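# Structure at a glance
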Amino acid sequence: MTTHFYGTPGSESGDKIFASSVKFLSDDWIVFAQPVVVDNDQIAYPDYLLIHPNKGVYIVEIKDWYIATAVDGRCAEVISITDKQKRIEKSPNEQANSSMYKLMNRFKKDPVLTQHEGHYKGKSAVPLTSWGCLPHIKGTQLYNLRRYWGGALLGEDDLKPAFFENSLLDYEPFFKVQLSDTQIDHIRAIVDPKHIVPG
């Protein structure tokens, strides 16, 4: 069971389901609920941010949709359990991208989190991935959404305790990584300054 959980989950149904699933992750994970990502004067509010030493950083957006039909690679026609109104929404992955790029910019300003040689010199040394989570959608509906939006999309069945961690670990980051304790401390300090380790 993960003991590295910080923040307060949102009040929506999907947030509560995700928070319950996170409790069954191994101790390798660090989880932030409702973090604030700041890059200069730009601010983003992802639902969750997860850190794993062998996988990097996952930025997760959760949606309480129970019907969703992809319109294209970025949007879907959806109905939410909260208001039952049909509308067009950006995919949760697309919304998570905003937070991901802001966080990536912060990493590139930190020498501990930056690559110092090779083709990607000056880029983030930490893989980041934007994830969508649809706790009320599964089966064919989820399969069709993944065809448009890719595999970094969790559905109802993925959040079951028996499957949740493997659903996250099956993802292969853009490049292999083994984050050091120091790098993880720096990531935590960027996500929440309360975690700054005195030098």
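The sections below set out a description of the structure shown in this document.

Rules used in this analysis
Residues numbered from 1 in each chain as written. Predicted model: local features only at pLDDT ≥ 70, side-chain atom pairs only at ≥ 80, totals over all residues. Heavy atoms only, no water. Helix = DSSP H or I, 4+ residues; strand = E, 2+ residues; numbered from the N terminus. Buried < 20%, exposed > 50% of the residue type's maximum accessible area, 1.4 Å probe, protein only. Polar contact = N/O pair within 3.5 Å; in protein donor to acceptor, adjacent residues only side chain to side chain. Pairing = 2+ DSSP bridges. Axes fitted to C-alpha atoms, helices over the stretch in contact; angles between N-to-C directions. Contact = heavy atoms within 4.5 Å. Phe/Tyr/Trp six-rings, centres within 6.5 Å; stacked < 30°, edge-to-face > 60°.

## Concerning the environment of Gln 183
Tracing the chain through its elements places Gln 183 in helix α5 (residues 181–191). Relative accessible area serves as the criterion here: at 13%, Gln 183 is assigned to the buried category. Sequence-wise, Gln 183 and Ser 167 are 16 residues apart; in three dimensions their C-alpha atoms are separated by 24 Å.

## Quick look at the side chain of Asn 97
Here Asn 97 shows up in helix α2 (residues 92–108). Separated by 2.6 Å, the side chains of Asn 97 and Ser 130 make a polar contact.

## Focus on the environment of Ile 190
For Ile 190, the position within the fold is in helix α5. Under the relative-accessibility criterion, Ile 190 is labelled buried at 13%. As for Ile 190 and Phe 107, which are separated by 83 residues in sequence, their C-alpha atoms are 8.3 Å apart.

## Quick look at the sheet that holds strand β7 (residues 65–70)
Spatially, β7-β8-β9 is the arrangement adopted by the three strands of the open sheet, whose pairing is antiparallel. The open sheet has two edge strands with one neighbour each: β7 and β9 (86–90). Each strand axis lies, on average, 35° off the axis of its neighbour in the sheet, ignoring direction. Of the strand pairs in this sheet, β7 and strand β8 (residues 75–80) are connected by five bridges, and their pairing is antiparallel. Note on β8: the bridge partner recorded for Thr 69 is Glu 77. The strands touched by helix α3 (residues 139–149) are β7 and β8; relative to β7, the strand with the most contacts, the crossing angle is about 45°.

## Let's talk about unusual backbone geometry
Even without being glycine, Gln 34 reaches a positive phi, approximately 55°. Summarising the element assignment, Gln 34 is placed in the loop between β2 (30–33) and β3 (37–39). For Lys 84, which is not glycine, the phi torsion reads 60° and is therefore positive. Its place among the elements puts Lys 84 in the loop between β8 and β9.

## Points about the packing of aromatic side chains
Under the definition given, this model contains nine aromatic pairs. Centre to centre, the rings of Phe 18 and Tyr 48 are 4.5 Å apart; their planes meet at 45°, and the pair counts as tilted. Of this pair, Phe 18 sits in helix α1 (residues 13–22) while Tyr 48 sits in strand β5 (residues 48–52), and the two are 30 residues apart along the sequence. The exposure class of Phe 18 is buried, given its relative accessible area of 0%. Centre to centre, the rings of Phe 18 and Phe 164 are 5.5 Å apart; their planes meet at 85°, and the pair counts as edge-to-face. One end of the pair, Phe 18, is in helix α1; the other, Phe 164, is in helix α4 (residues 164–169), and 146 residues separate them in sequence. Ring pairs connect the aromatic residues Trp 29, Tyr 58, Trp 131 and Tyr 171, which therefore count as one cluster.

## Focus: the pairing of β8
Taken across its six residues, β8 has five buried, putting it largely inside the fold. Connecting β7 to the next strand, β8, in antiparallel fashion are four residues. In this sheet, β9 lies alongside β8 in antiparallel orientation, the contact comprising five bridges. Directly across from Cys 75, in β9, lies its bridge partner Lys 90. The antiparallel pairing of β8 with β9 creates a hairpin that spans five residues between the two strands, and Lys 84 there sits at a positive phi of about 60°.

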